Amino acid sequence: MSTVTMKFGGTSVGSPEAIATVADIISSEIDNGTRVIVVLSAMSGVTDALYNSVREAAKGNRWAYLSCSQKLRDRHEEVINLLVRPSKARDALMADIDNLLKQHVELCEAVNILGEATPRIIDAVLSFGERLSTRVVAAVLRERGVQAQAFDAGEFVITDDRYGSANPQWQETQARVNGSLRPVLERGVTPVLTGFLGATRDRHPTTLGRGGSDFSGAIFAAATDSDELIIWTDVDGVMTTDPRIDPRARVLPYVSYTEVGELAFYGAKVLHPKTVQPILARGIPLRVRNTFNREAPGTLIGPNSEQSSMVIKAVTSVRNVSLLTVSGKGMIGVPGIAGRTFLAAANAGANILMISQASSEQNFCFVVIDDHAHEAKAAIENELSSEIARQDVDGVDVLSGVAIVTTVGAGMRGTPGVAGRVFTTMGNHGINVIAIAQGASECSISFVVEERDLEAAVIALHDLALESVGVTA
Ligand code: ADP
Ligand code: ASP
Ligand code: MG
C-alpha cells in the first residue's frame with residue numbers, strides 16, 4: 001500500500017467550497033487504496049489575524065482581540081454548518097472550537113495585562129489557526145465516511161525553543177512519529193495534522209516560520225517514509241516567475257531539489273525554503289498541484305537535474321532588504337574579517353541572504369532583511385572595533401530600499417555567457433546592478449537592484465527565460 005502525505009495551504013482550506021474540494025481529493029485518494037497523511041494550514045488570513053490580535057492586546061486594545069475571536073468563530077462555524085450534519089458529534093466539535101477560542105482570548109487577556117507579547121506567547125496565539133482548521137476538516141472527512149482524526153503536530157514535531165522559527169529535533173521527532181503516529185496509520189485512521197507547528201520538549205507550542213506548513217508536510221513525509229509528498233496550493237505548480245508580477249508566468253513541469261531550494265530561498269513564495277531539507281536524503285518525490293484545477297499535472301520536484309532547453313528556468317525576487325558593505329584599505333590580506341563579520345551578524349539574529357566580494361578585497365557586501373540591518377551593523381562594528389580604531393576598517397555602510405532578483409536554472413552552470421547576457425539585458429532596460437553573487441550550488445545568480453527597479457528587472461529577466469522555451473514577449 002502506498003503512502004502519500006498531502007499538505008493543503010491556506011486558500012485550499014479558506015472557504016466551505018474549498019474545504020469540500022479538499023475532502024473530495026483526500027477521500028478519492030483513499031478510495032484508490034492509498035494511505036493518506038493530511039497536513040493543513042490555517043484558513044487563509046487567519047494567521048495574520050491572530051498575529052494582529054496579540055499585537056493589539058499588547059497595546060491594550062481589548063476590542064481587537066475579542067472581535068478577532070468572534071470572526072474566527074463565525075468563519076469556522078460557517079464551514080461546520082454547511083458541511084457537517086447536525087448531531088452530537090457536531091455539537092462536541094463546536095464545543096471544542098469554542099474552547100480553543102476561549103484559550104485564545106485568555107492568552108490575549110494576559111498579554112493585555114502585561115502590556116507586552118513575548119515570542120513564546122505569540123507562537124501560542126498563532127497555533128490556534130491550524131488547530132481550528134484541522135478539527136473542522138477532520139470532521140468534514142468523517143462526514144464522508146473517512147476515519148479521520150485531528151492531531152496537534154506538537155505531539156510529534158519536537159523543536160528547539162527558537163520561537164517564531166523553531167528547528168525540529170529530528171531524532172526525537174522520528175521517535176515520536178514511530179511510537180505514536182505509526183500505530184494510528186496501522187489502525188487505518190487518516191491523521192489530519194496541524195502544519196506550521198511544533199512544540200518544545202516541555203510542551204510549549206512553537207512555529208516553524210511563516211509559510212512553514214510546507215516544511216511540516218515534508219517533515220511528516222520523511223518521518224513516515226511516504227512514497228510521495230503533494231503540496232496542494234492555489235496555482236498550477238512552480239512557475240517561471242511570480243504570476244502576480246508577470247502574468248506570462250508558465251508552469252515548470254520538472255524542477256530539481258537544488259533548483260527549488262534556490263527558488264524558495266530567493267523569494268518564490270510557493271514553497272517554504274526549508275521544504276526540501278527533510279525529503280532530500282530519502283529522495284521522496286514532491287509534487288506541487290492546484291486544489292482548484294485538479295486536471296493540471298503540476299510540477300514534479302526530484303533529485304535529477306534534467307536536460308532542458310531552459311538555461312534560466314525561473315526568476316524570483318525578495319523585497320525589503322538592505323545591503324551592508326564593510327570596507328577599508330587595511331583589510332587586504334587580513335584573514336578572518338569576513339568570518340568574524342558574518343558570525344557577528346548571525347549572533348545578532350540576521351539571516352544572510354547573499355554575499356559578494358570585490359576582487360580588490362577592499363570591501364565586501366552582503367544582504368539581510370531590512371528589519372535586521374541596523375542590529376547587524378551595530379554588532380559588526382562592535383566586533384571590529386579595534387580594526388576600526390586602527391582605521392584598517394572604515395565601518396559598515398547600510399543601503400536600504402534595495403531588492404534581490406535571482407535567476408535560477410541548473411543549465412546556467414555549463415552555459416557560457418549567461419551572466420553576460422543577463423547584464424546586457426539589465427543594461428538595456430536601464431537597470432543599475434548594485435551587486436551580484438552566484439549561489440554555492442552554481443544554479444542561481446542573484447543581483448541587488450534598487451527596489452523601484454524590481455518589477456522591471458524581473459520582467460526583463462523573465463523574457464530571457466521565456467525566450468529559451470520559444471515564447472516571445
Ligand atoms: P499556500 O497558502 O497554498 O501555501 P502561498 O500563498 O503560500 O500558498 O503560495 C502560493 C503563491 O505563491 C501563489 O499564489 C503565487 O502567487 C506565489 N508565487 C510566487 N512565486 C511563485 C512561483 N515561482 N511559482 C508559483 N507561485 C509563486
Ligand atoms: N498559517 C501559516 C502562515 O500563514 C503557515 C502556512 O500557511 O504555511 O504563515
Ligand atoms: Mg504557503
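Look a little higher up for the structure.
Residues numbered from 1 in each chain as written. Chains lettered and ligands numbered in written order. Predicted model: local features only at pLDDT ≥ 70, side-chain atom pairs only at ≥ 80, totals over all residues. Heavy atoms only, no water.

1. As for the overall build of the chain
Counting its secondary structure elements, the chain contains 14 helices and 16 strands. Taken over the C-alpha trace, the chain has a radius of gyration of 24 Å; the compact-globule value for 473 residues is 23 Å, and the two agree within 12%. Its C-alpha atoms put the chain at 75 × 55 × 40 Å along the principal axes. Looking at the chain residue by residue over its 473 residues, the buried ones come to 51%. Put simply, of all contacts in the chain between residues at least 6 apart along the chain, 77% involve residues at least 24 apart. (Helix = DSSP H or I, 4+ residues; strand = E, 2+ residues; numbered from the N terminus. Rg over C-alpha atoms; globule rule 2.2 N^0.38 Å. Buried < 20%, exposed > 50% of the residue type's maximum accessible area, 1.4 Å probe, protein only. Contact = heavy atoms within 4.5 Å.)

2. A look at the layout of surface pockets
Here the second largest pocket is characterised by a volume of approximately 370 Å³. Mapped onto the lining of the second largest pocket, the elements with two or more residues apiece are α4 (88–114), α5 (119–143) and β5 (197–199). Residue contributions to the lining of the second largest pocket peak at 6 residues, all from α5. Residue composition of the lining of the second largest pocket, by class: 8 nonpolar, 6 polar and 5 charged. (1 Å grid on protein atoms, 1.4 Å probe; cavity = no way out; pocket = protein on both sides within 12 Å on 5 of 7 lines; lining within 4 Å. Points joined across faces, edges and corners; volume = space filled by probe spheres on them. Nonpolar A, V, L, I, M, F, W, Y, C, P; charged D, E, K, R; others polar.)

3. Here's the deal with the pattern of salt bridges
Applying the stated criterion across every chain, the model contains 26 salt bridges. For Glu 77, the salt bridge goes to Arg 73, with nearest N and O atoms at 3.5 Å. Placement of the pair is Glu 77 and Arg 73 together in helix α3 (residues 62–83), with a separation of 4 residues, close to one helical turn. Note on Glu 77: relative accessible area 24%, which makes it partly exposed. (Salt bridge = Lys/Arg side-chain N within 4 Å of Asp/Glu carboxyl O.)

4. Observations concerning α3
Over its 22 residues, α3 runs 32 Å from end to end, which matches the ideal 32 Å to within 8%, given 1.5 Å per residue. Looking at α3, one finds that the buried residues are Ala 64, Tyr 65, Ser 67, Cys 68, Ser 69, Leu 72, His 76, Val 79, Ile 80 and Leu 83. Here the buried face of α3 lies against α1 (16–31), α2 (46–58), α4 and α5. (Expected span 1.5 Å × (residues − 1).)

5. Structural notes on α1
Given a rise of 1.5 Å per residue, 16 residues ought to cover 22 Å, and the 22 Å separating the end C-alpha atoms of α1 matches this to within 8%. For α1, the complete set of buried residues consists of Pro 16, Ala 18, Ile 19, Ala 20, Val 22, Ala 23, Ile 25, Ile 26 and Ser 27. Directly beyond the C-terminal end of α1, a positive phi value near 90° is found at Gly 33.

6. Considerations on the packing of α1 against α3
Helix-helix packing is characterised by the crossing angle of the two axes and by the distance between the axes. The interhelical angle for the contact between α1 and α3, taken along N-to-C directions, is 55°, at an axis separation of 9 Å. Accordingly, the angle class assigned to the pair α1 and α3 is oblique. As α1 packs across α3, the resulting crossing turns out to be right-handed. For the pair formed by α1 and α3, the contact residues are Pro 16, Ile 19 and Ala 20 on the first element and Glu 78, Val 79, Leu 82 and Leu 83 on the second. Classifying every residue of the contact of α1 with α3 by side-chain character gives 6 nonpolar, no polar and 1 charged. (Axes fitted to C-alpha atoms, helices over the stretch in contact; angles between N-to-C directions. Parallel < 35°, antiparallel > 145°, perpendicular 65-115°, else oblique. Left-handed = near helix turned anticlockwise from the far one by under 90°.)

7. Section: the packing of aromatic side chains
For the coordinates displayed, the defined rule picks out 8 aromatic pairs. Each ring, one from Phe 8 and one from Trp 232, has its centre 6.0 Å from the other, and the planes form 10°; the classification is stacked. One end of the pair, Phe 8, is in strand β1 (residues 3–8); the other, Trp 232, is in strand β7 (residues 228–233), and 224 residues separate them in sequence. Geometrically, the ring pair formed by Phe 342 and Phe 364 is edge-to-face, given 5.7 Å between the ring centres and 65° between the ring planes. Of this pair, Phe 342 sits in helix α10 (residues 337–347) while Phe 364 sits in strand β13 (residues 363–369), placing them 22 residues apart in sequence. Among the residues examined, Phe 364 registers a relative accessible area of 4% and is labelled buried. Three or more aromatic residues link up through ring pairs in this structure, and these residues are Phe 151, Phe 156 and Phe 220. (Phe/Tyr/Trp six-rings, centres within 6.5 Å; stacked < 30°, edge-to-face > 60°.)

8. Structural notes on the site of ligand 1
Close to ligand 1 lie 16 residues, the nearest being Gly 10, Thr 233, Asp 234, Met 239 and Lys 269. The side chain of Asp 234 places a nitrogen or oxygen atom 2.9 Å from an oxygen atom of ligand 1. In isolation ligand 1 offers 570 Å² of accessible surface; the protein chains occlude 89% of this area. Looking at the shell around ligand 1, its residues break down into 6 nonpolar, 5 polar and 5 charged. (Near = heavy atom within 4 Å. Polar contact = N/O pair within 3.5 Å; in protein donor to acceptor, adjacent residues only side chain to side chain. Areas by Shrake-Rupley, 256 points an atom, 1.4 Å probe, with all protein chains shown as cover.)

9. A few points about the site of ligand 2
Lining the immediate environment of ligand 2, one finds Ser 41, Thr 47, Glu 130, Phe 196, Arg 210, Gly 211, Gly 212 and Ser 213. One nitrogen or oxygen atom from the side chain of Glu 130 is found 2.7 Å from a nitrogen atom belonging to ligand 2. In the model, an oxygen atom of ligand 2 is placed 2.5 Å from a nitrogen or oxygen of the Ser 213 side chain. Relative to its free-state accessible area of 260 Å², ligand 2 is covered by the protein chains to the extent of 85%. Its residues assigned to classes, the shell around ligand 2 shows 1 nonpolar, 5 polar and 2 charged.

10. Details of the pairing of strand β14 (residues 395–408)
Where strand β11 (residues 314–327) meets β14, 11 bridges bridge the pair, whose relative direction is antiparallel. Considered in β14, the bridge of Val 321 is made with Val 402. (Pairing = 2+ DSSP bridges.)

11. Quick word on the sheet that holds β1
Sheet strands pair by backbone hydrogen bonding; their relative direction is either parallel or antiparallel. The strand order across the open sheet formed by 8 strands is β3-β4-β2-β1-β7-β9-β10-β8, and the pairing between neighbours is mixed. Where the open sheet ends on each side, the last strands, each with one partner, are β3 (148–151) and β8 (254–256). Each strand axis lies, on average, 20° off the axis of its neighbour in the sheet, ignoring direction. Of the pairings in the sheet, the one linking β1 to β7 comprises 5 bridges and is parallel in character. Directly across from Met 6, in β7, lies its bridge partner Ile 230. α5 rests against β2 (35–40), β3 and β4 (190–194) of the sheet, and its axis sits at about 175° to β3.

The analysis is restricted to geometry; functional conclusions fall outside its scope.
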